[in-house]
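So the chains spell out like this:
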Amino acid sequence: CSACCRISFSPVITNCPRRTPIWTIGLPNFQKSNWNQLKTRVKNYVLDTNILIHDPNSVLNFKDNNVLIPIDVIEELDRFKRESNELGSNARQFSRTLDKLRATGKLNKGVRLENGGFLRIIFPEKNENGQLVLGNKTVDSRIVSMGLEIQKAQPKIPTIIVSKDINLRLKADAFGIDAEDYETD
């Protein structure tokens, strides 16, 4: 935190809970190799539309990881928000959440979430011919393509597509991207 940074750069001296990782308390003699194993590994979670309309607060359930929302998902949410059922209500609620987050920073650059995570809207990369890397016919293909781009750009950070759509998870797996169902119910 800013108060302890002015006092000392050493989190152990200040006992600041925000700067002292839990795994370091009482473990002063760890070897460097053990230290690296104890660190929590950040992951990139690419969310499908169905996650956000199933649970509009889902972005807070990924702890302190990177939550990546493809722009195509935002466009799909825009179509759902017109519905008068629960899906429409959830789409509208998530849109309001994004609008509040927009006040804290640029969504395309990323904003910090209240749970310590990081949310960013991602856009598809195009190849030298100006076309999307993996067919641009379906939203699912574009989500997988963006997952591949993230995985390639950040190979040391696990990238996982999260969807309730079995076929999207199968497609992601076929392209070598980890995929999970969203199960917090």
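See above for the structure.
None of these values were measured; they are calculated from a predicted model. (Residues numbered from 1 in each chain as written. Predicted model: local features only at pLDDT ≥ 70, side-chain atom pairs only at ≥ 80, totals over all residues. Heavy atoms only, no water.)

**Q** Could you give an account of the layout of surface pockets, naming the residues involved and the relevant values?
**A** In this structure, the largest pocket occupies an estimated 290 Å³ of space. Forming the boundary of the largest pocket are 15 residues, of which F123, E125, E149, I150 and A153 lie nearest the centre. Elements with a minimum of two residues in the lining of the largest pocket: β4 (118–122) and α7 (139–153). With seven residues, α7 is the largest single contributor of residues to the lining of the largest pocket. Its residues placed into classes, the lining of the largest pocket shows eight nonpolar, three polar and four charged. Space inside the second largest pocket adds up to approximately 150 Å³. Every residue lining the second largest pocket is listed: I71, I74, L77, D78, K81, S95, L98, L107, N108, I121 and F123. Of all elements in the fold, only α5 (71–80) and α6 (86–102) reach the threshold of two or more residues within the lining of the second largest pocket. Ranked by residue count, the leading element in the lining of the second largest pocket is α5, at four residues. (1 Å grid on protein atoms, 1.4 Å probe; cavity = no way out; pocket = protein on both sides within 12 Å on 5 of 7 lines; lining within 4 Å. Points joined across faces, edges and corners; volume = space filled by probe spheres on them. Helix = DSSP H or I, 4+ residues; strand = E, 2+ residues; numbered from the N terminus. Nonpolar A, V, L, I, M, F, W, Y, C, P; charged D, E, K, R; others polar.)

**Q** Got a sec to walk through α7? Specific residues and values, please.
**A** An ideal rise of 1.5 Å per residue puts 21 Å on 15 residues; α7 measures up with 21 Å between its terminal C-alpha atoms. Every buried residue of α7 is listed here: V139, S141, R142, I143, V144, S145, M146, G147, E149 and I150. Where α7 is buried, its residues contact β1 (44–47), β2 (66–70), α5, β4, β5 (159–162) and α8 (166–174). (Expected span 1.5 Å × (residues − 1). Buried < 20%, exposed > 50% of the residue type's maximum accessible area, 1.4 Å probe, protein only. Contact = heavy atoms within 4.5 Å.)

**Q** If you had to explain the pattern of salt bridges to someone new, which residues and values would you point to?
**A** Scanning all chains against the criterion turns up six salt bridges. Residue D72 is joined to R142 by a salt bridge in which the shortest nitrogen-to-oxygen separation is 3.0 Å. With D72 in helix α5 and R142 in helix α7, this pair connects stretches of sequence that are 70 residues apart. For D72, a relative accessible area of 6% translates into the label buried. A salt bridge links D78 to R82, with the shortest nitrogen-to-oxygen separation between them at 3.6 Å. Residue R82 is classed as exposed on the basis of its relative accessible area of 62%. Each member of the salt-bridge network shares a partner with another, and the members are D78, K81 and R82. (Salt bridge = Lys/Arg side-chain N within 4 Å of Asp/Glu carboxyl O.)

**Q** Account for the sheet that holds β1, naming residues and giving values.
**A** Within a sheet, adjacent strands bond to each other through the backbone by hydrogen bonds, running parallel or antiparallel. One open sheet holds the six strands; their spatial order is β3-β4-β2-β1-β5-β6, and the pairing between them is mixed. Strand pairing shows two members of the sheet lacking a second neighbour, β3 (111–112) and β6 (178–180), which therefore form its edges. Pairing of β5 with β6 involves three bridges; the strand directions are parallel. Residue pairing in the sheet places I160 in a bridge with D178 of β6. Of the strands in this sheet, β1, β2, β4 and β5 are in contact with α7, which crosses β5 at around 160°. (Pairing = 2+ DSSP bridges. Axes fitted to C-alpha atoms, helices over the stretch in contact; angles between N-to-C directions.)

**Q** Let's hear about the packing of α7 against α8: which residues, and what values?
**A** Running from amino to carboxyl end, α7 crosses α8 at an angle of 40°, the nearest separation of the two axes being 10 Å. It follows that α7 is oblique to α8 by the angle criterion. Taken as a pair, α7 and α8 cross one another with a handedness that is right-handed. On α8, the residues touching D140, S141, I143 and V144 of α7 are L168, K171 and A172. Class assignment of the residues belonging to the contact of α7 with α8 gives a composition of four nonpolar, one polar and two charged. (Parallel < 35°, antiparallel > 145°, perpendicular 65-115°, else oblique. Left-handed = near helix turned anticlockwise from the far one by under 90°.)

**Q** Go over the side chain of E76 with me, naming the residues and quoting the values.
**A** When you line up the elements, E76 lands in helix α5. Those residues in contact with E76, other than ones at most four positions away along the chain, are D48, T49 and V139.

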